[in-house]
Amino acid sequence: MLRQRGLVLLVALAATAYFAHHALHGRFGLETRRALAERMVVARGKLAGLEAARAELARDVALLGAERPDPDLVIELARTTLGFGFPDERVLIPSRPSADR
């Protein structure tokens, strides 16, 4: 009788350990939930950056969509996209640090 109780207790402890292990380290465990929460924070940061870029593009499209586009915007877009500048401007190109430094 005592041996049977010991066996039942051992099986119960093994089952508890098994389920406790999977509750922490399993596919839907607490560690996985923490990792997913961290990924969600990173994804929300990227989403905020993308929404800001989209708002800027929507503003540019709205300004260019008029009958006559805003000349300041056209100049700004040409300078940044095409790399154009005015003849009296100086262009400073930063040098890349060499690998031996």
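To keep things clear, this report deals only with the structure shown in the data block.

Procedures and definitions
Residues numbered from 1 in each chain as written. Predicted model: local features only at pLDDT ≥ 70, side-chain atom pairs only at ≥ 80, totals over all residues. Heavy atoms only, no water. Helix = DSSP H or I, 4+ residues; strand = E, 2+ residues; numbered from the N terminus. Expected span 1.5 Å × (residues − 1). Salt bridge = Lys/Arg side-chain N within 4 Å of Asp/Glu carboxyl O. Buried < 20%, exposed > 50% of the residue type's maximum accessible area, 1.4 Å probe, protein only.

**Here's the deal with helix H3 (residues 71-82)**
Alright, step 1. With 12 residues, H3 should cover 16 Å at 1.5 Å per step; its first-to-last C-alpha distance of 16 Å lies within 8% of that length.
Alright, step 2. Glycine 83 sits one or two residues past H3 and shows a positive phi near 80°.

**Here we look at the pattern of salt bridges**
Alright, step 1. Per the counting criterion, the structure on display carries three salt bridges.
Alright, step 2. Between arginine 34 and glutamate 38 there is a salt bridge, with its nearest N and O atoms 3.0 Å apart. You can see arginine 34 and its partner glutamate 38 sitting in helix H2 (residues 30-64), four residues apart, about one turn around the helix.
Alright, step 3. Residues glutamate 89 and arginine 79 are paired through a salt bridge, measuring 2.9 Å at the closest nitrogen-oxygen approach. Taken together, the residues span a long stretch of sequence, with glutamate 89 in the segment after H3 and arginine 79 in helix H3 at a distance of 10 residues.
Alright, step 4. The class of glutamate 89 is partly exposed, set by a relative accessible area of 34%.
Alright, step 5. The exposure class of arginine 79 is partly exposed, given its relative accessible area of 31%.

**So, the environment of alanine 37**
Alright, step 1. Positionally, alanine 37 belongs in helix H2.
Alright, step 2. With a relative accessible area of 35%, alanine 37 lands in the partly exposed category.
Alright, step 3. Remark: the alpha-carbon pair of alanine 37 and glutamate 51, spanning 14 residues in sequence, is separated by 21 Å.

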